[in-house]
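Observations on chain architecture
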Amino acid sequence: MKLVAGIDVGGTNTDAVLVRDGQIVAWAKVPTTPDVYGGIVAALSRLPHTAVPRRVHIGTTAFTNALVERRDLASAAAIRVGRPVSESLPPMTGWPADLVEAVHNRSYFVSGGREYDGQPIGALDREEIRDIARGLAASGISQVAVTSVFGTSYPEDEVRVAEWLASENQNLQVSLSHRIGRFGILERENSTLLNAMLRPLAVRTLSAYKAAVTTELFISQNDGTVMHGTQAAEAPIFAVASGPTNSMRGAAILGSAREAIVLDVGGTTTDAGVLHLGYPQPAGLELTVAGVRTNFRMPDLVSVGIGGGSLVDRANGSVGPHSVGFRLAERALIFGGDTLTLTDIAVAAGRMDLGERARVAHIEAGIIARADDHLRARFSRLLENYERTGAQLPIILVGGGAPLVENLLRDLGREVLRPSYADVANAYGAAIAQVGGEADLTFSSRAVSRREALERAEQEAHRRAVEAGASRNSIITVELEDAAFSYLAGDALRVRARAVGDIEDASQ
Amino acid sequence: MSFEIRSSDITALALGSSVLGCGGGGNSYYGQLVAHRVLAADVVVPVIDVDEMAPESFAITAAAVGAPLVCLEKPPSLPALQAGLESVRSALCGPVSAFFAAEIGGLQCIFPVLLAAEVGLPVLDGDSMGRAFPELQMTTFSIYGTTHGLPHALSGDRGLISPDMVQRNHSGEPESPDDPPGIRFERAVRKICTAHGGLIYFTSAFDQKSLNHTLVRGSISLALCIGRAIESARQGNMDPIGAIVEAGDGKRFIGGKIVDVERQFRAGHDWGTVRIHGVEEDRGRVAEIAFKNEYLVLGLNGEVVLTVPDLITLAETESGTPVSTDILRPGLRVTVLGLPASPLLTKAVALKSVGPGAFGYNLGYVPLRKSE
């Protein structure tokens, strides 16, 4: 039977789980070390030695942190293909000034690119590309991001530019926008540039991971799937912001529910999100990474100020948003502190066994009842947002504060799932992740029917999933959406498809 | 009363204008970024009332014609706007004294600001819709017959589009006596746009006298006022929906969540219906809104309570962020608002072009407020 290890390298702890056929067989929690490597090695060494995982999946914040802290970033050159189109909006427009200063990127506009219907805007000019390659060689810049107008639908120009750059200067590493981002030229170029800036760090980080784990390595991506370690060295940007997705995916499988609301009750807040087909529903808005707008999408999470450390008002029973946070162990009544927290209420009501119960024996039933009323009203409002016509979704309750609210949710008549191992949902989410492929294409309605367009995008997503390592017969389509280019006399369609599948293990 | 637009006002202007966009008008994010660049280094654009224009002078409007989706790959082009401006200016017999927006709703309100900043002239506090509409004949100018005889130009990223092309496409269309004024021109421009990469710019000039009686006045200040109200409500943890209602002299109809979106693409437009179930105080109520790029007809529990040309707009309940028709999806928490249309749009002659009938609905105009 296949064993897979999932590792979540968090800011505080590094969690590891060992999973066989979807079941957790062992887990470990150790402090994260500054070099990351030490924590991973320590976590893996706590797992039983008799069971060697076939693959290790790592969820990491290394690349997010590098971008946020503006460190370990390489200078990159942005080449925009499609002159004169988009010249009024040059690369890096809207970026935070300190990031622009920190990286010393360069920008070039070159001829080429396509219109929505595939007509060339201009012809590619090999000499133009050659001059750029030579200039970059002289300046010592080795990272290039190539973004072509309508490049997601017509990637040929980007591919050609990459070939020409490589033939001129073999030290250049080229990131192509159609492999990184979606429709929307600036966000796609932003993602591609950030990717280029991260690549040297990614190579170093991946080789550290490979030193720590001896088996095949996969890295978590922000869409809930994993990519092979070698791909992660080329596309580190996909690893950014994978944490929330992993934790919701983990909750989905641990709770055995594909359509559900996930409530993660922490010390200060409760994060709520909704699962559809086992994947978190994405937020409508674009994800900003280190102040730069990309067109990746994060799970649609709503955060409310209810957690184990939330202050409780004795008079009216209101809970939060202020919290004692990580100082619960000093300030909560049950630990000898002077602050009435939601944890104290739970202990007083006998829902939780923690600290010294005698210290909260004096809390009157009235205070508990008022806090309960308050929470019931808050949760009922929160949950109402996720109701679909006629059906109530079950709730998967995870996080350290789960016992605080479980009975209240049941009072509301809700089905509550409290999976085991909810504490390591994030590492578990990494372990069970599949691989995927995405396509974001445009079609002219004169040439292709809507059904055919949808089919072609779906096929392309499946093809890319196979390329990412999916076994063919396990692939399913998880997203398929189209939008028309309204206001045009001859219609055109944009179709986006995403497919996922199980990892095809080499020795199967 | 005159005032100035600075770089720091662009976000509020865009936010307010997308409320007035009624779900359409295009995504203005790239336009805002270009505006921030043009208005950098303390460039300011004065905003004046049409009465402040010199009587013999002209004001120029520039608008994008085409697919909002194309704008995401082909951002607003300053050279295209300048090419249109140069062509129109050279054909005028008097001076240009200002720029103005054809459409306050959405992306279009940015273009006159870009030109005004580059040329160093003011923008007029007004537009030709007071909202967003999908087609060129739906402007107050077309409705009141002021389009004829003045120069116009079409341009694209690569410069001016030959006037011959406009003529050729113009004359080929049969016209029925029932067509609203300007519809032939709309069709011609739409065809040229489709052949030119799906996005072109339309520039035209109007004299002060025509503007005086056809401009929807105060729309720039209204957009700014609504945008600032949303921003300050957010900062002060106040209700952004209430802020929009107050700033826009509007009415809140229902707060709820989207349960269903049906859409189909017909003849180049995005048609559909969005269904919203009320929550909290509106529990048990159901809203149904028909849209064609913009929200057109609002039904509440089966009864039509508001129609075009009045403004039907959706905002995210929590943030007050306007919700355009292209991002509608089940689960989104929204509030439905109505704002009154300009009186220029609600006269009988105007309703022929912009009332429910102009969009194919067999309905009379249902206004926000009964006329006195």
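None of these values were measured; they are calculated from a predicted model.

Here the focus is the overall build of chain B. Scanning chain B from N- to C-terminus turns up 13 helices and 17 strands. Taking 372 residues into account, the globule formula puts the C-alpha radius of gyration at 21 Å, and chain B, at 20 Å, falls close to it. For chain B, with 372 residues in total, the buried portion stands at 62%. Intrachain contacts of chain B at a sequence separation of at least 6 include 74% that bridge at least 24 residues. Accessible surface, chain B as shown: approximately 13800 Å² in total, 52% of it carbon and sulfur. In chain B, 30 positive and 40 negative side-chain charges are present, and the distance between their average locations comes to 4 Å.

This brings us to the overall build of chain A. Per the secondary structure count, chain A includes 15 helices and 23 strands. In terms of C-alpha radius of gyration, chain A reaches 25 Å, essentially the compact-globule figure of 23 Å for 508 residues. Summarising its shape, the C-alpha atoms of chain A cover approximately 85 × 55 × 50 Å along the three principal directions. Looking at chain A as a whole, 57% of its 508 residues qualify as buried. Of the contacts made within chain A by residues no fewer than 6 positions apart, 66% connect residues no fewer than 24 positions apart. For chain A, the accessible surface area stands at approximately 20000 Å², while carbon and sulfur atoms represent 48% of it. Charged side chains in chain A number 50 positive and 59 negative. The centres of these two groups are separated by 2 Å.

Quick look at the packing of helix H1 (residues 10-20) of chain B against helix H2 (residues 29-38) of chain B now. Residues and elements named next belong to chain B. Where H1 meets H2, the closest approach of the two axes is 10 Å, and the angle between their N-to-C directions is 155 degrees. Between H1 and H2, the crossing angle belongs to the class labelled roughly antiparallel. As for the relative orientation of H1 and H2, their crossing is right-handed in sense. Of H2, the residues touching H1 (which contributes Ile10, Thr11 and Ala14) are Gln32, Ala35 and His36. Classifying every residue of the contact of H1 with H2 gives three nonpolar, three polar and no charged.

Once that is clear, we can look at the sheet that holds strand S21 (residues 435-444) of chain A. All names here are of chain A. Spatial strand order, S21-S23-S22: three strands in an open sheet with antiparallel pairing. Of all strands in the sheet, those bounded by a partner on one side alone are S21 and strand S22 (476-484). Within the sheet, the average angular offset between the axes of one strand and its neighbour, ignoring direction, is 10 degrees. Direction of pairing for S21 relative to strand S23 (residues 492-501): antiparallel, over a ladder of 10 bridges. Residue pairing across strands places Val435 opposite Gly501, the latter belonging to S23. Strands S21, S22 and S23 of the sheet are contacted by helix H15 (residues 450-467), whose axis makes an angle of about 150 degrees with S21.

Residues and elements named next belong to chain A. Spatially, the six strands line up as an open sheet ordered S3-S2-S1-S4-S9-S10, and their pairing is mixed. For this open sheet the edge positions go to strand S3 (23-31) and strand S10 (226-228), each flanked by a neighbour on one side alone. Taken over all neighbouring pairs, the strand axes of this sheet differ in orientation by 25 degrees on average, direction set aside. Across the face of the sheet, helix H1 (residues 37-46) comes into contact with strand S1 (3-9), strand S2 (13-20), S3 and strand S4 (55-59) while running at roughly 140 degrees to S3. Contacting S4 and strand S9 (216-220), helix H7 (residues 185-212) crosses the sheet at an angle of about 130 degrees to S9.

Another point: the packing of H7 of chain A against H2 of chain B. At a closest axis distance of 10 Å, the pairing of H7 of chain A and H2 of chain B adopts a crossing angle of 75 degrees. In terms of axis orientation, H7 of chain A runs roughly perpendicular to H2 of chain B. Taking contact as the criterion, the partners of Ile185, Leu186 and Glu187 of chain A in H7 of chain A are, on H2 of chain B, Tyr29, Tyr30 and Leu33 of chain B.

Applying the stated criterion to the full structure yields eight aromatic pairs over all chains. Here the aromatic rings of Tyr29 of chain B and Tyr30 of chain B are separated by 6.0 Å at their centres, their planes lie at 50 degrees, and the arrangement is tilted. The same class applies to Tyr29 of chain B as to Tyr30 of chain B, namely buried. Plain terms: the ring middles of Phe100 of chain B and Phe206 of chain B are 5.9 Å apart, the flat faces sit at 70 degrees to each other, and that makes the pair edge-to-face. Of the two residues, Phe100 of chain B is situated in strand S4 (residues 96-100) and Phe206 of chain B in strand S9 (residues 199-207); the sequence distance between them amounts to 106 residues. Accessibility classification places Phe100 of chain B together with Phe206 of chain B in one group, the buried group. Each member of the aromatic cluster is reached from another via a ring pair, and the members are Phe100, Phe141 and Phe206 of chain B. It is Arg249 of chain A that lies over the ring of Tyr279 of chain A; its NZ or CZ is 3.9 Å from the centre.

In this section: the pattern of salt bridges. Side chains bearing opposite charge may pair, as long as their charged atoms lie close to each other. All names here are of chain A. Per the counting criterion, the structure on display carries 48 salt bridges over all chains. The closest approach of N and O atoms between Glu189 and Arg80, which form a salt bridge, is 2.7 Å. Highlighted residues: Glu189 in helix H7 and Arg80 in strand S5 (residues 76-81), separated in sequence by 109 residues. Among the charged side chains, a salt-bridge network with shared partners connects Arg182, Asp223, Glu438, Glu479, Glu481, Arg496 and Arg498.

Residue and element names in this part refer to chain B. The buried count for helix H5 (residues 110-119) comes to eight of 10 residues, which makes it a mostly enclosed element. Among the residues of H5, Ile110, Phe111, Pro112, Val113, Leu114, Leu115, Ala116 and Ala117 are the ones counted as buried. Downstream of H5 by a residue or two, Gly120 has a phi angle that is positive, lying close to 85 degrees.

Right, let's get into the interface of chain B and chain A. Listed per partner, the contact involves 44 residues of chain B and 51 residues of chain A. At the boundary of chain B with chain A, total buried surface from both sides reaches about 4000 Å², with 58% on carbon and sulfur atoms. When the buried surface of chain B facing chain A is broken down by residue, Leu69, Glu73 and Arg333 of chain B rank first, second and third, together holding 18% of it. Applying the counting criterion to the chain B and chain A interface returns five salt bridges. On the surface where chain B and chain A come into contact, there are 14 residue pairs in polar contact (both at pLDDT 80 or more). Those elements that place two or more of their residues in the side of chain B that touches chain A are H2, helix H3 (68-71), helix H4 (78-90), helix H8 (183-195), strand S11 (251-266) and strand S12 (269-278) of chain B. Ranked by residues supplied to the side of chain B that touches chain A, first place goes to H2 of chain B with five residues.

With that out of the way, let us pick up the confidence of the model for chain B. With 92% of its residues at a pLDDT of 70 or more, chain B shows a mean pLDDT of 90. Overall fold confidence for the complex sits at a pTM of 0.87, while the interface term, ipTM, reaches 0.88.

In this section: the side chain of Thr192 of chain A. All names here are of chain A. Locating Thr192 in the fold gives a position in helix H7. A relative accessible area of 0% places Thr192 in the buried class. Here the side chain of Thr192 touches Arg188 through a polar contact of 2.6 Å, landing on its backbone oxygen. Among residues more than four places away in sequence, those in contact with Thr192 are Ala145, Val146, Ser175, Leu176, Ser177 and Ile180.

Right, let's get into the environment of Arg327 of chain A. Residues and elements named next belong to chain A. Mapped onto the elements, Arg327 comes out in the loop between strand S18 (319-323) and helix H10 (328-331). The exposure class assigned to Arg327 is partly exposed, which follows from its relative accessible area of 36%. Between the alpha carbons of Arg327 and Gly337 there is a distance of 9.8 Å; along the sequence they are 10 residues apart.

Time to look at the nonpolar core. Nonpolar side chains in soluble globular proteins tend to be buried together. Judged by nonpolar contacts, the single largest core of 102 residues is most densely connected at Phe485 of chain A together with Ile5, Leu114, Leu124 and Leu211 of chain B. Core analysis: the next-biggest nonpolar cluster, separate from the first, contains 58 residues, Ala26, Phe63, Phe238 and Phe296 of chain A among them.

Okay, the side chain of Arg199 of chain A next. Note on placement: Arg199 of chain A falls in helix H7. Of the side chains bearing the opposite charge, Glu234 of chain A lies closest to the buried Arg199 of chain A, which forms no salt bridge; the N-O distance is 5.1 Å.

Conventions used here
- Residues numbered from 1 in each chain as written.
- Chains lettered and ligands numbered in written order.
- Predicted model: local features only at pLDDT ≥ 70, side-chain atom pairs only at ≥ 80, totals over all residues.
- Heavy atoms only, no water.
- Helix = DSSP H or I, 4+ residues; strand = E, 2+ residues; numbered from the N terminus.
- Rg over C-alpha atoms; globule rule 2.2 N^0.38 Å.
- Buried < 20%, exposed > 50% of the residue type's maximum accessible area, 1.4 Å probe, protein only.
- Contact = heavy atoms within 4.5 Å.
- Areas by Shrake-Rupley, 256 points an atom, 1.4 Å probe, with all protein chains shown as cover.
- Lys, Arg positive; Asp, Glu negative; His and termini not counted.
- Charge placed at Lys NZ, Arg CZ, Asp CG, Glu CD.
- Axes fitted to C-alpha atoms, helices over the stretch in contact; angles between N-to-C directions.
- Parallel < 35°, antiparallel > 145°, perpendicular 65-115°, else oblique.
- Left-handed = near helix turned anticlockwise from the far one by under 90°.
- Nonpolar A, V, L, I, M, F, W, Y, C, P; charged D, E, K, R; others polar.
- Pairing = 2+ DSSP bridges.
- Phe/Tyr/Trp six-rings, centres within 6.5 Å; stacked < 30°, edge-to-face > 60°.
- Lys NZ or Arg CZ within 6 Å of the ring centre and 35° of its normal.
- Salt bridge = Lys/Arg side-chain N within 4 Å of Asp/Glu carboxyl O.
- Buried area = accessible area lost by both parts, 1.4 Å probe.
- Polar contact = N/O pair within 3.5 Å; in protein donor to acceptor, adjacent residues only side chain to side chain.
- pLDDT = per-residue confidence, 0-100.
- Core = buried A, V, L, I, M, F, W, Y, C linked by side-chain atoms within 4.5 Å.

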